[in-house]
Structure formats: structure tokens, C-alpha cells
Amino acid sequence: MKTRPFKQVDVFTDQPYFGNPLAVVLDGSGLDDEAMQRFARWTNLSETTFVLPPADPSADYRVRIFTPGGELPFAGHPTLGSCHAWLEAGGTPKRQDFIVQECQVGLVRIRREGKRQAFAAPPLQRSAPSPAVLAQVAAALGLKAQHILAAQLLDNGPVWLGLLLDSADTVLQLAPDHTALKKHGLKVGVAGAHHAQAAPVLIARANREARAFAGSTPTSPAEAATADFEVRAFAAPIGIEEDPVTGSLNASLAQWLIAEGHAPERYVAAQGTCLGRAGRVYLTREPDAPVSAQATSTGSGQVWVGGQSVTCIHGTVTL
């Protein structure tokens, strides 16, 4: 065991404690899978990352991403948070235009956008879910068929069942049966536009958190007042009932929704409202960018997923 530099970072927020926290061990060298997994369980955060020297010479660093239940090939808020922590700790990119992160899904480009950073969304594979699966998930969410405008299975490393609902209000009113969602084995991401006509109250089950926070004005950053879509992420199969702010989900939702004409080429997603957070994710498609592998499945140019990060804890850990 040795002392290693450590940071705890809040991602997709410009003010501490309103985003999604991430534990970052800035020197993961010499740690085996079991040690990394044990520490990730101990932090009890949705993700913990370990920064390592890159295996690919074109990368600036390599990162391994763990939830309390296992390792992920890619995830969005750990990508931005790890990059923020690496730069803050003195990391120097090899290129001026991008930071290049290596992870299990491959190489991920990250660019600076003023105070924010944005990652290039990985290639997306998507398909229609079966009617039976969709019906089961809708029942677990307390939804009726008319509240679901579109649905897709989204795979950019993590796999999500994405649902476009009829309004942001419907998204905020959801009170999922997490036990049922865990039984179905699917992570579910839902989105609804704020400009859509308000849906009638459709959930009979009580949801004190949603009632407390839905429609309230966050006491956080000024930028948190504006959003085009409301997003929620339910991940009971990996031990997280609701994730505060989810980069990988927002990436795949943007690739799908923009490609299908459900969202503009630039928009802001709010997430975490029902958990008392004020996460903001900035999504942009570059239709004139060089065609990437992603374009094969989405019919679009490169999608970038941006957000701000702030460091809440500086220190060391003994691992």
C-alpha cells in the first residue's frame, strides 16, 4: 500500500455539491482489479476512476472507471471529471487542440470550451426495443403508452433504454419501481422537452423528492435557470437507483434525438432536479465536421458533450 494523490470532483456544475461527484485516484499504478473495485465500493459514489500511464502513445493518460458493482468501458461524467483533475494536478496535453483520454472503449477526445470541457461522444449503436420490454419498463415507471413519444436501445459502451416522453413535467413526476427495473436488467434514461405542453399528473405513487424539487428554482449557479430538456437516469441493475447527472446517457440521447429531429443541434439538458441537484449538460452536433464512425449509425456529425467541473476535496488516499 502507498499514499496516492486523490481528488473528489463535482461534475456538470459550476458550483460545488450541485452536480455528480466523482472520486479520482490520480496514480492507479500497481493496483489490481480487486483493489480498484474494493475502493470503488468503499467510496460508494456512482463512479470512481484510476488514472494510469497510457498504453497508446497518442493518449495523454489512461483511465479505468468503476461503479460500486463493476468496471465500465466508458462513462461521461468520469471522463470530464478525470480530465479536470488530471489538468488541475499538472497534466500537460501532448496537443494544443485536444486532451486524449484512453479507456476501455478506446480513445476519447476532450476539448476546452472556456470554463467547460467537452468530450467527443463515442460511436453509437441503436435499435428499437421489443414491444414486450418497452411495456414492462413503462409499467415499472408508471407510464402509459401515450406518454412515450419514441424509444431506442442506445449503446455507446454503456447500454441504456432511452425514452423520449411528452414533456419535462412527465419526466419530473416519475416515481419508478426500482425493484422492477432491476429485475428487467435495463438501465433506463428518460428525456422530455421543457417547451412541450404540460402533461397531466399521471403518477399516483407518492414521490416526496420530486414534489419538493420539481419546478423549484435551484439555489445554485445562475446558468442553472435555463434548460431545453429534463433528463433522468435510472440504473438499478448496477446498484444506482437514480444517477444525478449522466454524461454517457446524455451523449447517446443527443446522438439519437438530434439525428431523428427531436432536438436541435445545440441544446442544454438539466438533470438531477429530483435529487436536489442542478446539473447542466451542453450538447452540440457539428454537422460539418469530418464524418466519424459515429455517423454510420446516427446519420449525423460529431456530437460533443460539455460541462463544468469543480474540485471539492484535495488530498491523498492510502491504497
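Bear in mind the structure is a predicted one, so any value in this text is a computation, not a measurement.

Enquirer: Sorry, what's going on with the nonpolar core here?
Expert: As a rule of thumb, nonpolar side chains are buried together in soluble globular proteins. Core analysis: the biggest nonpolar cluster contains 51 residues, and Tyr61, Phe119, Phe229, Leu253, Leu257, Tyr267 and Val305 have the highest contact counts within it. The element contributing the most residues to this core is helix 7 (residues 247-259), with seven residues. Residue contacts for Tyr267: discarding those within four places in its chain leaves Asp228, Phe229, Asn250, Leu253, Ala254, Leu257, Ile258, Val281, Tyr282 and Leu283. Within the second largest apolar cluster, 18 residues are counted, among which are Leu143, Leu163, Leu174 and Leu186.

Enquirer: Looking at this structure, I do not really get the pattern of salt bridges. What am I missing?
Expert: Once the charged atoms of two side chains with opposite charge are near each other, the side chains can pair. Applying the stated criterion across every chain, the model contains 11 salt bridges. A salt bridge links Arg126 to Glu260; the nearest nitrogen and oxygen atoms lie 2.9 Å apart. Here Arg126 is found in strand 9 (residues 125-127), whereas its partner Glu260 is found in the loop between helix 7 and strand 15 (266-271), with 134 residues between them in sequence. Classification of Glu260 by relative accessible area gives partly exposed; the value is 42%. A cluster of three or more residues bridged by salt bridges with shared partners is formed by Asp33, Arg64 and Glu71.

Enquirer: Whenever I open this one, the environment of Ser127 confuses me. Can you help?
Expert: Of note, Ser127 is situated in strand 9. In this structure, the C-alpha to C-alpha distance between Ser127 and Leu161, residues 34 residues apart in sequence, is 9.7 Å.

Enquirer: Explanation requested: the packing of aromatic side chains in the structure shown.
Expert: In this description, a pair of aromatic rings is defined by centroid distance and the angle of the planes. This structure, assessed with the given rule, holds eight aromatic pairs. Between Tyr61 and Trp86 the ring centres are 4.9 Å apart and the planes differ by 35°, which places this aromatic pair in the tilted class. On the criterion of sequence distance, the pair formed by Tyr61 in strand 4 (residues 61-67) and Trp86 in helix 2 (residues 76-88) is long-range, its members being 25 residues apart. With relative accessibility at 12%, the residue Trp86 sits in the buried group. When the ring of Phe74 is compared with that of Phe119, the centres are 5.5 Å apart and the planes differ by 70°; the resulting orientation is edge-to-face. Separated by 45 residues along the polypeptide, Phe74 in the loop between strand 5 (70-72) and helix 2 and Phe119 in strand 8 (residues 116-120) bring together distant segments of the chain. In this structure Phe119 comes out as buried when scored by relative accessible area, which is 0%. Three or more aromatic residues joined by ring pairs form one cluster here, namely Phe6, Phe39, Trp42, Phe50 and Phe66. The aromatic ring of Trp304 is capped on one face by Arg111, whose charged end is 4.1 Å from the ring centroid. Across from the ring centre of Trp160, 4.7 Å away, lies the NZ or CZ of Lys187, which sits over that ring.

So, how was this worked out
Residues numbered from 1 in each chain as written. Predicted model: local features only at pLDDT ≥ 70, side-chain atom pairs only at ≥ 80, totals over all residues. Heavy atoms only, no water. Core = buried A, V, L, I, M, F, W, Y, C linked by side-chain atoms within 4.5 Å. Buried < 20%, exposed > 50% of the residue type's maximum accessible area, 1.4 Å probe, protein only. Helix = DSSP H or I, 4+ residues; strand = E, 2+ residues; numbered from the N terminus. Contact = heavy atoms within 4.5 Å. Salt bridge = Lys/Arg side-chain N within 4 Å of Asp/Glu carboxyl O. Phe/Tyr/Trp six-rings, centres within 6.5 Å; stacked < 30°, edge-to-face > 60°. Lys NZ or Arg CZ within 6 Å of the ring centre and 35° of its normal.

Function-wise, these values are silent; they only describe arrangement.
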